Amino acid sequence: MGNICWHYPEQIKKALGLIENHRAVPHGGGTHLTGKRLMNESSFVSLDRLSLHYVTTDQGSISIGAATDYNSIAQQLKTTIPGHILIKSLGQAATTPLRNRITIGGSLALAPNWSDLTGPLVALEALVKLQGTSSGTYPVMEYLTSKTLQSKTLITEIELPKSHWESWYYREGITKNDHPVFTLTILAKRTAHSVEDVRIAITGHTHRFMRATEIENQLKGKALNQIQTAGIASKLALKFAPAKGMSSGYIRHLAETYLERGLTELLKS
Amino acid sequence: MEETFYINNKKKQLVFNGAETLLNTLRNHGYNEVKRGCEEGECGACIVLLNGKPVNSCRVFSAAVAGHEITTVKGIGDIHQPHFIQQAFVESGAVQCGFCTPALVLATHSLLKTNPAPTDEEINQALDGILCRCTGYVKIIDAVKLASQKMKQIAPETIEDT
């Protein structure tokens, strides 16, 4: 077994110095790194003492510290904003003991194809606060697609803009606790008669994550009684890699079917 | 490296390798009640309570939790003074080989501390990630419900760690 040199900074500036100058790996408590074969004399920065474990709401916007675990986020949101999409998505990710360790910052920094976090954050148009070589606040899509922003920076906070959405979430997995093959996130605002706004995020396909803007634009402003969801997802031309026991075509069929069901449930019920 | 941990309410100085998991560190220091199962975070046998919450100790770096509170199953009761949760598992017939039982008892302890009267769905969620090959889970669910009933009959502070 290799060894790891651990650092326990109490200030973010010190942590950044270790990351930038000594190539230390930030560790906020997640499980990904424990599964990796570590090189000898790897250097880790523990984020434990940087006070990045919090969920606060301020006039509707939500700020989540990067080292906050999934269960803490879901539990806190249940008391403040019941029905929030993150309660649904993070509450289904992995298992309870793993959710007590998986952090929102670490999960976003890794952004694996099977994440239960990426889709909802993309749909919510979350903001990512970084410190380091590219300090600032960035839209989550910009962070996820920029190697520059991901290099030698530390995620300190994720901000969810103030808004109230009706939400629907689906994850397709071989078992309940398995990594999802894909996830679907739908957010909607409706008046009594029409769709005011809708956002659709899909993860797990060959482009990793996307907003279904073509469908979104088709539905915005549409009268509820005129919405036809059958076949609406086929125009997305989604592509998935095959998974265990599932062909690409089968996964695509599942994704399109569940997306249409989700739109029906959210917009027409 | 050497760091301080608070294990079962006792302050302990443990020596370990920086890449070592909490599972290995605990077992290397005699806490054999923490079971080695899959070492991949899949089976749950290695669960301990970290600041009162269940975690897979095989997926936690010991160095990452230095200074924190860790509870193993022996921290809540033993053969001479079993915790009412342990008693409930025995009375319900929820223990066969017993390998998953420490994890289940700890997860139940964590659940009942915040939710003394859980629904079936809440029990399933709290205990998810702990696999049992022996019982078929029915009696395990019964044990949690029995523990919940027992808890109503005793003072709330007894759910606290010893």
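Note that the coordinates shown come from a computational prediction; the quantities given were computed from them, not determined experimentally.

S.K.: Give me the lowdown on the packing of helix α2 (residues 84-91) of chain B against helix α5 (residues 138-153) of chain B, citing residues and values where you can.
M.R.: Residue and element names in this part refer to chain B. For the pair α2 and α5, the least separation of the axes is 8 Å and the interaxial angle reads 135 degrees. With respect to α5, the element α2 is oriented oblique. With respect to the hand of their crossing, α2 and α5 are arranged in right-handed fashion. Across the interface between the two elements, Phe84, Ile85, Gln87, Ala88, Phe89 and Glu91 from α2 touch Ile140, Ala143, Val144, Leu146, Ala147, Lys150 and Met151 from α5.

S.K.: Any chance you could break down the sheet that holds strand β2 (residues 25-27) of chain A for me, citing the residues and the numbers?
M.R.: All names here are of chain A. In spatial order, the strands read β1-β3-β2; together these three strands make up an open sheet with parallel pairing. Both edges of this open sheet fall to β1 (4-7) and β2, since each of them pairs with a single strand only. Direction aside, the axes of adjacent strands within the sheet are offset by 35 degrees on average. Bridge count for β2 against strand β3 (residues 42-46) is three bridges, and the pairing is parallel. The residue of β3 that forms the bridge with Val25 is Phe44.

S.K.: Summarise empty space enclosed by the protein; cite the residues concerned and give the values.
M.R.: Residue and element names in this part refer to chain A. Within the structure shown, the criterion is met by two cavities of 30 Å³ or more. As for the second largest cavity, its lining consists of Ala111, Pro112, Asn113, Thr118, Thr203, Arg208 and Phe209. Of the residues assigned to the lining of the second largest cavity, the class counts are three nonpolar, three polar and one charged.

S.K.: Could you give an account of the interface of chain B and chain A, naming the residues involved and the relevant values?
M.R.: At the junction of the two partners, chain B supplies 26 residues and chain A supplies 29 residues. Contact with chain A buries area across many residues of chain B, yet Arg59, Phe61 and Asp128 of chain B alone supply 30% of it, more than any other trio. For the pair chain B and chain A, the interface holds one salt bridge. Put simply, Arg99 of chain A and Asp128 of chain B hold a salt bridge, and the shortest N to O gap is 3.7 Å. Put simply, chain B and chain A have 11 residue pairs in polar contact (both at pLDDT 80 or more) between them.

S.K.: Outline the confidence of the model for chain B, supporting the account with residue identities and numerical values.
M.R.: Any region with low pLDDT has predicted coordinates that should not be read closely. Overall, the prediction assigns chain B a mean pLDDT of 94, with 95% of residues at 70 or greater. Across the interfaces of the predicted complex, the ipTM metric reaches 0.93, alongside a pTM of 0.93.

S.K.: Please give an account of the pattern of salt bridges that cites residues and values.
M.R.: All names here are of chain A. Scanning the model with the defined rule gives 13 salt bridges over all chains in all. Among the salt bridges present, the one from Arg211 reaches Glu125, with a minimum N-O distance of 2.9 Å. Note that Arg211 is positioned in strand β12 (residues 209-211) and Glu125 in the loop between α6 (118-124) and β6 (127-132), a separation of 86 residues in sequence. In this structure Arg211 comes out as buried when scored by relative accessible area, which is 18%.

S.K.: How would you summarise the packing of aromatic side chains if you had to cite specific residues and measurements?
M.R.: Evaluated as defined, the whole model comprises nine aromatic pairs over all chains. Where Phe44 of chain A meets Phe61 of chain B, the ring centres are 5.5 Å apart and the plane angle is 85 degrees; that geometry is what we call edge-to-face. Linking Phe44 of chain A in strand β3 with Phe61 of chain B in the loop between β4 (53-56) and β5 (69-71), this pair reaches from one chain into another. Both residues of the pair, Phe44 of chain A and Phe61 of chain B, count as buried. Look at Tyr170 of chain A and Phe182 of chain A: their rings are 6.2 Å apart centre to centre, the planes differ by 45 degrees, and that puts the pair in the tilted class. Of this pair, Tyr170 of chain A sits in strand β9 (residues 166-172) while Phe182 of chain A sits in strand β10 (residues 182-190), and the two are 12 residues apart along the sequence. Tyr170 of chain A gets classed as buried once you look at its relative accessible area, which sits at 17%.

Basis of the calculations
- Residues numbered from 1 in each chain as written.
- Chains lettered and ligands numbered in written order.
- Predicted model: local features only at pLDDT ≥ 70, side-chain atom pairs only at ≥ 80, totals over all residues.
- Heavy atoms only, no water.
- Axes fitted to C-alpha atoms, helices over the stretch in contact; angles between N-to-C directions.
- Helix = DSSP H or I, 4+ residues; strand = E, 2+ residues; numbered from the N terminus.
- Parallel < 35°, antiparallel > 145°, perpendicular 65-115°, else oblique.
- Left-handed = near helix turned anticlockwise from the far one by under 90°.
- Contact = heavy atoms within 4.5 Å.
- Pairing = 2+ DSSP bridges.
- 1 Å grid on protein atoms, 1.4 Å probe; cavity = no way out; pocket = protein on both sides within 12 Å on 5 of 7 lines; lining within 4 Å.
- Points joined across faces, edges and corners; volume = space filled by probe spheres on them.
- Nonpolar A, V, L, I, M, F, W, Y, C, P; charged D, E, K, R; others polar.
- Buried area = accessible area lost by both parts, 1.4 Å probe.
- Salt bridge = Lys/Arg side-chain N within 4 Å of Asp/Glu carboxyl O.
- Polar contact = N/O pair within 3.5 Å; in protein donor to acceptor, adjacent residues only side chain to side chain.
- pLDDT = per-residue confidence, 0-100.
- Buried < 20%, exposed > 50% of the residue type's maximum accessible area, 1.4 Å probe, protein only.
- Phe/Tyr/Trp six-rings, centres within 6.5 Å; stacked < 30°, edge-to-face > 60°.

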